[in-house]
There are 2 protein chains.
Amino acid sequence: MAESKTATKGASGVTTEGQGSGGAAILHGGDLDGARLAFPHAPEPWVDLSTGINPWPYPLPPIPADAWNRLPARGAEEGLREAAAACYGAPSAANVAAASGSQALIQLLPRLRASGTVAVLAPTYAEHAACWAGAGHVVREVAGFDALADGEAADVVVVVNPNNPDGRTLSVAALLGLAERQAARGGWLVVDEAFADADPAASVAGFADEPGLVVLRSFGKFFGLAGLRLGIALCAPDLAGALRAAIGPWAVSGPGLAVATAALADRVWIDATRARLAAAAAALDACLVVVGLRVVGGTSLFRLVADRRAAALHRGLGEAGILVRRFERQADWLRLGLPPDEESVIRLRDACVRILAGTDPSAR
Amino acid sequence: MAESKTATKGASGVTTEGQGSGGAAILHGGDLDGARLAFPHAPEPWVDLSTGINPWPYPLPPIPADAWNRLPARGAEEGLREAAAACYGAPSAANVAAASGSQALIQLLPRLRASGTVAVLAPTYAEHAACWAGAGHVVREVAGFDALADGEAADVVVVVNPNNPDGRTLSVAALLGLAERQAARGGWLVVDEAFADADPAASVAGFADEPGLVVLRSFGKFFGLAGLRLGIALCAPDLAGALRAAIGPWAVSGPGLAVATAALADRVWIDATRARLAAAAAALDACLVVVGLRVVGGTSLFRLVADRRAAALHRGLGEAGILVRRFERQADWLRLGLPPDEESVIRLRDACVRILAGTDPSAR
């Protein structure tokens, strides 16, 4: 499972180049352009179930013209950091750094440490390993949490929790214990909580003062505004300050700051959305089970199916204008986001029934 | 003028920390929050002349809901890169990398090279020297262009052209000669063209294929949408690809991509705006000369005044609710952006007359 790349200096003068971190080599959800090329006869409109983005976005508040026209004011960014700390349960705005998407933070963190060893609990979101390797670190993918404590020590440990795509959730106690060990060696524990909004009890954001702990939150998924581009890092104030310095001023757009600051403070919408997502995930499970598929994991924002007919299902659904997420290294897996309406659920169910009726259960 | 900082490893585990690149230590225009604190009795609304942002922004086209709700599609970013290449005169979209503001590119470039020597043609936008020094490079500020060629060689040379705040413009031939020398030593010439839109003949964007040349463009200033956060790097395809890989996917917001792609292609608006800005800059000069001030430089987006009474003018204008840009190291300089309307011009003129009438011309 080892996947390491060494620093090289090419003709461009760039010392380290990320392989795949430009998005070309790594498979991502949401690529409707690619789906239309792959399935040119699929009916429109597509139902995109290939991401883990809430299909019922936070309603956009009015955006003042100044948010577009002026550089974001210092007070606007501070207001966002306060709202993020309060929403995510971090001690204070001093623990917060904001960037234009959590991907931007995933790209940045590896450039803030000298080359070292990195362990990524896998399988998971592929950009973590790619970005650390691309910046010249030696990256190992580790299959089990216990191995991280037991002879698999590394300068930086990266855990996605709850995990994407299987929803595996580690306990707060286990994560804090690991964070303490990482801090003792001058290392970091990076906990990517991109899908933690629906299950706040799983979050370690409240412990952001712990040295060496770096929690990443993704605004766009739970709030359904992935195009807004806002990612949040929660960590000890000295590291948060170093991150803010590395990110620089005005990294988040003025409209993004205005919308996100309102959304993060809207407890009524947040609570209602948690309930709505949980209900929708249960309804999706019911639909999948009815057609004979096995749900092996997930979160309220996506469900993971394991089936030997996954490739045929991906292809058949694509031909029916329904995009789901497949995985290069786990050929039996399919990840499905929440259908946005009843009509989409019925399209998904009917397509699955049709595909599975024509597929040998033992085929791939 | 030497200004270098060495890499240190603090408690946060971060190897290099930028001093000032978080925006706290460096003076920036546009800080109305700070102005209201400094001048609590100033009348509202403020006239903010402290930036070089076009006060007549590109009119926002309708923004589709998908731009907010979905991750920006690959095709949307490619469309933006094509529009940017065409607008700025670069050979092709392969020469383009887009980030959430040119500041984000200024933060990133120093992290893509091993520590080396950097020469910044000064005085200029302070973030260049701060970001290179903050990332562990040895930075010299150089006073004249000739010195760059003559015994002041460095791995990276940074030039703002036209320069901020004095508008000093280097010839295309001089820049291309320097780029060639930089490439021969495996170095870079970074040309920050944040204020080149009004004077396209000064741009070297058309030579983006030259190895070692990195041109930075700032979308928000000329198009008057500084809150949108879009910066463009134009360089040889291999370096542009390395930049895109380091920036990662989805760095620019969906709404930003939609608006900017339309704006960059709107030749009618661009041509009309060039004429409008030139006329407004001439009108501002006339106003400043009438009150007895000396305009020593600038571009169509801002004008630079040199006067021994600059501190008194900055303070008196602040008390009158007019924010202009002062400079810590050039106490005689004031930079003024374009007043947005005739009423603002009159407020500026009357305030200057009042302040200068009560000020000893030899006082500071």
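Residues numbered from 1 in each chain as written. Chains lettered and ligands numbered in written order. Predicted model: local features only at pLDDT ≥ 70, side-chain atom pairs only at ≥ 80, totals over all residues. Heavy atoms only, no water.

The name that an unreviewed UniProt entry assigns to chain A is threonine-phosphate decarboxylase, with the source organism given as Azospirillum cavernae. For chain A, the Cofactor (unreviewed entry) comment in UniProt is given as "pyridoxal 5'-phosphate". Quoted verbatim from the Pathway (unreviewed entry) field of UniProt, the annotation for chain A is "Cofactor biosynthesis; adenosylcobalamin biosynthesis." (UniProt positions renumbered as here; feature names shortened; annotations may be inferred.)

Caption draft 1: Region of the structure containing the overall build of chain A. Helix and strand counts for chain A come out as 13 helices and 13 strands. Expected size for 364 residues packed as a compact globule is a radius of gyration near 21 Å; at 21 Å, chain A falls within 12% of this value. With respect to the three principal axes, the spread of C-alpha positions in chain A is 60 × 50 × 45 Å. Within chain A, the proportion of its 364 residues that are buried is 59%. Restricting the contact set of chain A to residue pairs at least 6 apart, pairs at least 24 apart contribute 71%. When the accessible surface of chain A is summed, it comes to about 13,300 Å², and 55% of that surface belongs to carbon and sulfur atoms. If you average the places of the 32 positive and of the 37 negative side-chain charges in chain A, the two averages end up 3 Å apart. (Helix = DSSP H or I, 4+ residues; strand = E, 2+ residues; numbered from the N terminus. Rg over C-alpha atoms; globule rule 2.2 N^0.38 Å. Buried < 20%, exposed > 50% of the residue type's maximum accessible area, 1.4 Å probe, protein only. Contact = heavy atoms within 4.5 Å. Areas by Shrake-Rupley, 256 points an atom, 1.4 Å probe, with all protein chains shown as cover. Lys, Arg positive; Asp, Glu negative; His and termini not counted. Charge placed at Lys NZ, Arg CZ, Asp CG, Glu CD.)

Caption draft 2: Layout of the pattern of salt bridges. Residue and element names in this part refer to chain B. Counted according to the given criterion, the structure contains 24 salt bridges over all chains. The salt bridge partner of E141 is R329, with a shortest N-O separation of 3.1 Å. Of this pair, E141 sits in strand 4 (residues 138–142) while R329 is found in the loop between strand 12 (325–326) and strand 13 (333–337), placing the two residues 188 residues apart along the sequence. Residue class for E141 comes out buried when judged on its relative accessible area of 12%. R217 serves as the salt-bridge partner of E193, at 2.8 Å between the closest nitrogen and oxygen. (Salt bridge = Lys/Arg side-chain N within 4 Å of Asp/Glu carboxyl O.)

Caption draft 3: Up close: the interface of chain A and chain B. Counting residues at the interface gives 62 residues for chain A and 63 residues for chain B. Between chain A and chain B, a total of about 4,800 Å² is buried, with carbon and sulfur atoms accounting for 55% of that surface. Considering only the side of chain A, the residues that lose the most area to chain B are W68(A), R111(A) and W250(A), jointly responsible for 15% of the buried surface there. Counting across the interface, chain A meets chain B through 4 salt bridges. Our count for the contact surface shared by chain A and chain B stands at 27 residue pairs in polar contact (both at pLDDT 80 or more). Only helix 1 (32–38), helix 2 (65–69), helix 3 (74–88), helix 4 (102–108), helix 9 (237–247) and helix 10 (254–264) of chain A provide two or more residues apiece to the side of chain A that touches chain B. The class makeup of the residues in the side of chain A that touches chain B is 31 nonpolar, 18 polar and 13 charged. (Buried area = accessible area lost by both parts, 1.4 Å probe. Polar contact = N/O pair within 3.5 Å; in protein donor to acceptor, adjacent residues only side chain to side chain. Nonpolar A, V, L, I, M, F, W, Y, C, P; charged D, E, K, R; others polar.)

Caption draft 4: Geometry of the nonpolar core. The biggest cluster of nonpolar side chains holds 152 residues, and the ones touching the most others in it are L348(A) and L348(B). Residues in contact with L348(A), not counting those within four places in the same chain, are L49(A), L284(A), C287(A), L288(A), L317(A), I322(A), L336(A) and P339(A). Counting residues in hydrophobic clusters, the runner-up holds 30 residues, among them L108(A), V214(A), A233(A) and A240(A). (Core = buried A, V, L, I, M, F, W, Y, C linked by side-chain atoms within 4.5 Å.)

Caption draft 5: Inspection of the packing of helix 12 (residues 310–319) of chain B against helix 13 (residues 342–357) of chain B at higher detail. Residues and elements named next belong to chain B. Running from N to C, helix 12 and helix 13 cross one another at 125 degrees; their axes reach a closest spacing of 10 Å. By the angle between their axes, helix 12 is oblique relative to helix 13. Every pair of crossing elements has a handedness; the one defined by helix 12 and helix 13 is right-handed. Each of A312, L313, G316 and L317 in helix 12 lies in contact with helix 13, whose residues at this interface are L348, A351, C352, I355 and L356. Of the residues belonging to the contact of helix 12 with helix 13, the class tally is 8 nonpolar, 1 polar and no charged. (Axes fitted to C-alpha atoms, helices over the stretch in contact; angles between N-to-C directions. Parallel < 35°, antiparallel > 145°, perpendicular 65-115°, else oblique. Left-handed = near helix turned anticlockwise from the far one by under 90°.)

Caption draft 6: Representation of the sheet that holds strand 6 (residues 188–192) of chain B within the structure. Residue and element names in this part refer to chain B. The 7 strands lie next to each other as 2-8-7-6-5-3-4, forming an open sheet whose pairing is mixed. The sheet is open, and its two borders are formed by strand 2 (96–99) and strand 4, each paired with just one other strand. When the angles between neighbouring strand axes are averaged without regard to direction, this sheet yields 20 degrees. Sheet analysis places strand 7 (residues 213–218) next to strand 8 (residues 231–235), joined by 5 bridges and oriented antiparallel. Note that in strand 8 the partner of S218 across the bridge is G231. Here helix 7 (residues 172–184) sits on the sheet in contact with strand 5 (156–160), strand 6 and strand 7, set at roughly 145 degrees to strand 6. (Pairing = 2+ DSSP bridges.)

Caption draft 7: Quick peek at the domain arrangement of chain A. Residue and element names in this part refer to chain A. Taken domain by domain, chain A consists of domain 1 (21–56 + 269–363) and domain 2 (70–265). Between the C-alpha centres of domain 1 and domain 2 there is a distance of 27 Å. Taken together, the contact between domain 1 and domain 2 spans 24 residues of the former and 27 residues of the latter. Summed over both sides, the interface of domain 1 with domain 2 buries roughly 2,000 Å², with 67% coming from carbon and sulfur. Put simply, domain 1 and domain 2 have 1 salt bridge between them. Those elements that provide at least two residues to the side of domain 1 that touches domain 2 are helix 11 (267–290), strand 9 (295–299), strand 10 (302–306) and strand 13 (333–337). For the side of domain 1 that touches domain 2, the leading source of residues is helix 11, giving 5 residues. (Domains from an automatic or database assignment.)

Caption draft 8: Representation of the relation of the copies chain A and chain B. Structural alignment of chain A on chain B gives an RMSD of 0.0 Å, achieved by rotating through 180 degrees and translating 0.0 Å along the axis. Classification of the inter-copy transformation places it as that of a two-fold axis. A shared interface surface links the copies, since 100% of the contact residues of chain A are contact residues in chain B too. (Least-squares fit on C-alpha atoms with pLDDT ≥ 70 in both.)

Caption draft 9: Looking closely at the pairing of strand 9 (residues 295–299) of chain B. Residues and elements named next belong to chain B. Bridging between strand 9 and strand 10 (residues 302–306) involves 4 bridges; their strand directions are antiparallel. What sits directly across from V295, in strand 10, is V305. Taking the residues between adjacent antiparallel strands as the criterion, strand 9 and strand 10 are bridged by 2 residues.

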